[in-house]
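Structural overview
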Amino acid sequence: MVPFPGPGADLLTVPQVMARLQLGRSAVYDLLRTRQLASITLGRARRIPACALTDFIRTRLEQDAA
């Protein structure tokens, strides 16, 4: 569970997450759909808190190290 981002928290767009993870659009939406990567919806726009992306990466690193 990702904590609620505070005021001024960085909210990333799907293309920004695609660039940071070097993944395609479908792969990022699969991560969102399966709730591996947390997001919020504002109207029709999907935003990913930067802390959620950091948590996702940390979790994957820990899984790979185990």
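Quick caveat, the model's predicted, so the values are computed rather than measured. (Residues numbered from 1 in each chain as written. Predicted model: local features only at pLDDT ≥ 70, side-chain atom pairs only at ≥ 80, totals over all residues. Heavy atoms only, no water.)

**Some thoughts on the sheet that holds strand E1 (residues 11–12)**
What holds strands together in a sheet is hydrogen bonding between their backbones, with the strands either parallel or antiparallel. Stated precisely, the cut-off is as follows: Two strands make a pair as long as DSSP finds a minimum of two bridges between them. The way it works is that DSSP assigns letters per residue, a run of H or I at least four long becomes a helix, a run of E at least two long becomes a strand, and they are numbered from the N terminus.
Strand order in this open sheet of three strands is E1-E3-E2, and the pairing throughout is antiparallel. Here the strands that pair on one side only, and so sit at the sheet edges, are E1 and strand E2 (40–42). The pairing of E1 with strand E3 (residues 45–49) spans two bridges and is classified as antiparallel. For Leu11, the partnering residue across the bridge sits in E3 and is Pro49.

**What to know about helix H2 (residues 25–33)**
Spelled out, the test is: For the exposure calls, accessible area comes from a 1.4 Å probe over protein chains only, and a residue counts as buried if that area is under 20% of its type's maximum, exposed if over 50%, partly exposed in between. Each C-beta atom gives one direction from the helix axis, and the arc is the one those directions make.
Those residues of H2 not exposed but buried are Val28, Leu31 and Leu32. Projected down its long axis, H2 carries its buried residues within an arc of 100 degrees, all on one side. Exposed and oriented more than 90 degrees from the buried face of H2 are Ser26 and Arg33. Of the residues flanking the end of H2, it is Arg35, one or two places downstream, whose phi is positive at about 60 degrees.

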